[in-house]
Amino acid sequence: MLSKYWKKIGFIILIIACVFNIMSKLVNKLSLDKEMLSSAEYVYEQQKSENKTE
């Protein structure tokens, strides 16, 4: 019986794995605003440290 439905079972498992992967990426993704802000702060600090060394 299992051999008759192995493709359907595998396809369902594949779909579930893809959904969990997409959901985990969406949940753990930083918002664009926070990412842009942290990048700007990093660049500002780098420029600030370069000006002190000169």
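Residues numbered from 1 in each chain as written. Predicted model: local features only at pLDDT ≥ 70, side-chain atom pairs only at ≥ 80, totals over all residues. Heavy atoms only, no water.

### Section: the overall build of the protein chain
Inclusion rule: Counting from the N terminus, the helices are DSSP H or I runs at least four residues long and the strands are E runs at least two residues long. The quantity called the radius of gyration is restricted to C-alpha atoms. Its globule counterpart is 2.2 Å times the number of residues to the power 0.38. Calculation of accessible area relied on Shrake-Rupley with a 1.4 Å probe; when residues are assessed, cover is drawn exclusively from the protein chains displayed. All tallies of charge rest on Lys and Arg as positive and Asp and Glu as negative; His and the ends of each chain are not included. For the purpose of locating charges, the reference atoms are NZ of Lys, CZ of Arg, CG of Asp and CD of Glu.
Tallying secondary structure elements over the protein chain gives two helices and zero strands in all. The C-alpha atoms of the protein chain give 23 Å as radius of gyration, which overshoots the globular expectation for 54 residues (10 Å, by more than 25%). Each principal axis of the C-alpha atoms in the protein chain carries an extent, and together these give about 75 × 20 × 10 Å. For the protein chain, the accessible surface area stands at approximately 5700 Å², while carbon and sulfur atoms represent 66% of it. Mean positive and mean negative side-chain charge positions of the protein chain (8 and 6 charges, respectively) differ by 26 Å.

### Looking at the environment of K52
Quick note on the threshold: For every residue, the accessible area obtained with a 1.4 Å probe (protein chains only) is divided by the maximum for its type, and the residue is called buried under 20%, exposed over 50%, and partly exposed between those limits.
Residue position: K52 is located in helix α2 (residues 32–53). The class for K52 is exposed, based on a relative accessible area of 66%. Distance from K52 to K4, taken between C-alpha atoms, is 72 Å for residues 48 residues apart in sequence.

### Looking at a nonpolar patch on the surface
What counts is decided by this rule: For patch building, the residue pool is restricted to those with more than 30% relative accessible area and no salt bridge; the joining distance is 9 Å between like charges and 5 Å between nonpolar side chains (Val, Leu, Ile, Met, Phe, Trp, Tyr). Here, a salt bridge means any side-chain nitrogen of Lys or Arg that lies within 4 Å of a carboxyl oxygen of Asp or Glu.
Taken together, the side chains of F11, L14, I15, V19, I22, M23 and L26 make up a nonpolar region of the molecular surface, amounting to roughly 690 Å² of accessible area. Structurally, the position occupied by I22 is in helix α1 (residues 6–28).

### Let's talk about the environment of V27
Looking at the element boundaries, V27 is found in helix α1. Residues V27 and E45 lie 18 residues apart in sequence; the distance between their C-alpha atoms is 29 Å.

Purely spatial values, then, with no claim about function.
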